[in-house]
Structures are given as structure tokens and as C-alpha cells.
Amino acid sequence: MSQHMTALEKANRCRLAHASVKRRVKAGDLTVSEVLTEPDPDLYGLLVFDLLCAQHRWGRRRAVELMWRLRIGERRVIGELTERQRQTRADRLEPVSA
């Protein structure tokens, strides 16, 4: 298989994983904290902002304010966070998600 086709397959798999996780977060089947503590490698390109906005009754302003308090840039993706950063952010998100 060509490198081009392999890249397309990976991109499609990641897009489907992002959409699935955002749907599950919106439905309440999954929390943002759970996604951050044990992210699937296909989710490494997902923006933390998009994940927060996927929650029920969360909009742009609320997500931006929380990200500012957690000291995360708006364009930061899950894969750019270190294990320690993901864990500390998830711990601080837990009361907010509940």
C-alpha cells in the first residue's frame, strides 16, 4: 500500500475517533477527565477546546475561561500535553464535569 493511502486511512480513523468521542462526551457516557487521563493515540490531534465544547451546555466562552484557568492554550491538542499535565488537568476538571 502506498504511503499516501496509509496516511488517508490514518486521517479517516482519527476523524472518526474524534467524532465518536465528542458524541459520547455530549451524551454523558464519557467525561473529559476520562478522555484526558487515558487518551487513545487516535485522539492526540483532538483540540482540548473542542473536547470541552462537546460537553452538554458548554459553549465557547465557558471553555475559553476554563482553559485560561487551567493554563492551556486554545489551540492545544491532547497529544501536546505531557502525562503529568493531562493528569493534573483531569484532576482539576473532575469537579467541573460532575
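Just above sits the structure.
Residues numbered from 1 in each chain as written. Predicted model: local features only at pLDDT ≥ 70, side-chain atom pairs only at ≥ 80, totals over all residues. Heavy atoms only, no water.

### Some thoughts on the pattern of salt bridges
Link 1 in the chain: Evaluation of the coordinates by the stated rule reveals five salt bridges.
Link 2 in the chain: Between R13 and D42 there is a salt bridge whose closest N-O contact spans 3.2 Å. Here R13, found in helix α1 (residues 3-27), pairs with D42, found in the loop between α2 (32-37) and α3 (48-53); they are 29 residues apart in sequence, far enough to count as distant.
Link 3 in the chain: Notably, a salt bridge pairs E80 with R76, separated by 3.4 Å at the nearest N-O pair.
Link 4 in the chain: Exposure remark for E80: the relative accessible area of 48% places this residue in the partly exposed category.
Link 5 in the chain: Judged by relative accessible area, which is 28%, R76 ranks as partly exposed. (Salt bridge = Lys/Arg side-chain N within 4 Å of Asp/Glu carboxyl O. Helix = DSSP H or I, 4+ residues; strand = E, 2+ residues; numbered from the N terminus. Buried < 20%, exposed > 50% of the residue type's maximum accessible area, 1.4 Å probe, protein only.)

### As for the nonpolar core
Link 1 in the chain: Among the nonpolar cores identified, the biggest contains 24 residues, and V25, V35, L51 and L52 are the most heavily contacted of them.
Link 2 in the chain: Elements that contribute at least two residues to this core include exactly α1, α2, α3, α4 (60-69) and α5 (83-97).
Link 3 in the chain: Each residue touching V35, except ones within four places of it in the same chain, is listed here: V21, V25, L30, L43, L51 and I78. (Core = buried A, V, L, I, M, F, W, Y, C linked by side-chain atoms within 4.5 Å. Contact = heavy atoms within 4.5 Å.)

### Overview of α1
Link 1 in the chain: For α1, spanning 25 residues, the distance from its first C-alpha to its last is 36 Å, which sits close to the expected 36 Å at 1.5 Å a residue.
Link 2 in the chain: The set of residues buried in α1 consists of C14, A17, H18, V21 and V25.
Link 3 in the chain: Looking at the buried positions of α1, the neighbouring elements they touch are α2 and α3.
Link 4 in the chain: Of the residues one or two after α1, G28 is the one with positive phi, at around 90°. (Expected span 1.5 Å × (residues − 1).)

### So, the environment of R24
Link 1 in the chain: You can see R24 is positioned in helix α1.
Link 2 in the chain: When the C-alpha positions of R24 and A11 are compared, they lie 20 Å apart, and in sequence the two are 13 residues distant.
Link 3 in the chain: Discounting chain neighbours no more than four positions away, the residues touching R24 are D29 and L30.

### Regarding the environment of E34
Link 1 in the chain: Within the secondary structure layout, E34 lies in helix α2.
Link 2 in the chain: Residue E34 is classed as partly exposed on the basis of its relative accessible area, which comes to 40%.
Link 3 in the chain: In the structure, E34 is positioned 19 residues away from R15 in sequence and 19 Å away in space, judged by C-alpha atoms.

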